[in-house]
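Summary of the model geometry
One-letter residues, chain by chain:
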Amino acid sequence: MSTTYIIAGFAVGLLVGMTGVGGGSLMTPLLTLMFGVSPSVAVGTDLAFASITKSVGTITHRFNRTVQWAIVGRLCLGALPAALLATLALNHFGTLDQHIGQVIRYSIAVSVMLTVVALLLRARMLAWINTHPERQLQGRALAAATILSGAVLGVLVTVSSIGAGAIGATLLVLLYPRLTPAEVAGTDIAYAVPLTAIAAIGHWWLGSIDWMLLLTLLIGSVPGITLGAMAARKVPERVLRGLLAMTLTGVAAKLVW
C-alpha cells in the first residue's frame, strides 16, 4: 500500500507541476474512493499534502519566471481571510452535510468544464478581446474581481480541499486570458501555497490529518511536481494547453461520477 501511495503522489505531483491542476480534485477522490480514507481525514491530509507539494512547485516555477506575483497577491488578499473564517465555521457548525457537499462538487465540475472551453477557444478569446477591449475587466475592476474570486476559493478549498487548482485555473484563464499555460500553472500553484497551508493548519487543529499517509504521499509528489514544473516551460504551448484541458475534463468527470 505504501508503494501505491508513493506512485499516486508522484502522478498527482507531475500533473500539478505541469498544469497547476489536479491536487485536491484528484487526490481527495483517490484517497476516499480507492484507499478507503474517511472524507474528513482525506480533506485534511490532502490540504497538508498540497501546501508542501506546491511549495516545491512554486520554487521551480519562480526560477522559470512563470509566476505572476501581482495576481498571486490579489488572490491571497481574498483567499486567506476567507480560509480562516471557513475554518472557524467548520469548528462551530461541523462539516457540511452530504447534500451540500454534492452541490459543491457539481458546481466545481461545471466551472472546470468552463475552463476547458476557455482553453480550447483561447485564440478566439484573445482575438475578441483585441477587438473589444472595453469588455475586458481592467484596473480596479479587475483587481476587485480577483480578490473576490480569491475569497470564494478560500471557502471552497477549506471545506472540500477541492478548487485551488481547478477553479483557480478557470478564473485565471477567464480574468487574465493573455497568460500562457505555463504562467497559469505557475501562478495557480503559487497562490495556493499559503491558502492550503492555512486550511491545513485549520484541519490540524480539528484533528483531521493522517501524518504517516502524508509523509508517504510526499515521497512521490516532491520529485513529481519538480519534474512537472521543469517541463511546463519546455513543452510546446499547444501540447500543454491540450494536457491541461484533458486533465480538467477528467477532473470534472470524477467529480460528477
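Here's a quick rundown of the structure. No experiment lies behind these values; they were computed from the predicted model shown.

**Concerning the overall build of the protein**
Along the protein, the regular secondary structure elements total 11 helices and zero strands. Listed by position from the N terminus, the elements making up the protein come as α-α-α-α-α-α-α-α-α-α-α. Counting over 257 residues, the protein shows a buried share of 51%. Once local pairs closer than 6 in sequence are excluded, the contacts in the protein between residues at least 24 apart make up 84%. Accessible area of the protein: about 11800 Å², with a carbon and sulfur share of 69%.

**Details of the environment of alanine 86**
Structurally, alanine 86 is set in helix 4 (residues 69-93). Separated by 69 residues in sequence, alanine 86 and valine 155 place their C-alpha atoms 5.6 Å apart.

**Comments concerning the packing of helix 3 (residues 39-63) against helix 9 (residues 181-206)**
Between helix 3 and helix 9, whose axes approach to 7 Å, the crossing angle comes to 140°. It follows that helix 3 is oblique to helix 9 by the angle criterion. When you trace helix 3 past helix 9, the crossing you get is left-handed. Of the residues in helix 9, those touching helix 3 at Ser40, Val43, Gly44, Leu47, Ala48, Ala50, Ser51, Lys54, Ser55, Gly57, Thr58 and His61 are Ala182, Ala185, Gly186, Ile189, Ala190, Ala192, Val193, Thr196, Ala197, Ala199, Ala200 and His203.

**Observations regarding the nonpolar core**
Leu31, Phe49, Leu172, Tyr176, Tyr191 and Leu217 are the most contacted members of the largest nonpolar core, which has 46 residues in total. Only helix 1 (2-19), helix 2 (23-34), helix 3, helix 4, helix 7 (139-160), helix 8 (166-175), helix 9 and helix 10 (211-234) provide two or more residues apiece to this core. Of the residues forming this core, the biggest block, eight residues, is contributed by helix 9.

**A short note on the side chain of serine 149**
Relative to the assigned elements, serine 149 resides in helix 7. Within the structure, serine 149 has its side chain in polar contact with the backbone oxygen of alanine 145 (distance 2.7 Å).

**Focus: helix 3**
Here helix 3 contains 25 residues, and its C-alpha end-to-end distance of 36 Å stays within 8% of the 36 Å for a straight helix at 1.5 Å per residue. Downstream of helix 3 by one or two residues, arginine 65 has phi in the positive range, about 60°.

**A short note on unusual backbone geometry**
Residues other than glycine predominantly adopt negative phi, and peptide bonds predominantly adopt the trans conformation. Even without being glycine, arginine 65 reaches a positive phi, approximately 60°. Turning to its location among the elements, arginine 65 is positioned in the loop between helix 3 and helix 4.

Each value, and the rule that gives it
Residues numbered from 1 in each chain as written. Predicted model: local features only at pLDDT ≥ 70, side-chain atom pairs only at ≥ 80, totals over all residues. Heavy atoms only, no water. Helix = DSSP H or I, 4+ residues; strand = E, 2+ residues; numbered from the N terminus. Buried < 20%, exposed > 50% of the residue type's maximum accessible area, 1.4 Å probe, protein only. Contact = heavy atoms within 4.5 Å. Areas by Shrake-Rupley, 256 points an atom, 1.4 Å probe, with all protein chains shown as cover. Axes fitted to C-alpha atoms, helices over the stretch in contact; angles between N-to-C directions. Parallel < 35°, antiparallel > 145°, perpendicular 65-115°, else oblique. Left-handed = near helix turned anticlockwise from the far one by under 90°. Core = buried A, V, L, I, M, F, W, Y, C linked by side-chain atoms within 4.5 Å. Polar contact = N/O pair within 3.5 Å; in protein donor to acceptor, adjacent residues only side chain to side chain. Expected span 1.5 Å × (residues − 1).

The values reported here are purely geometric and, on their own, carry no functional implication.
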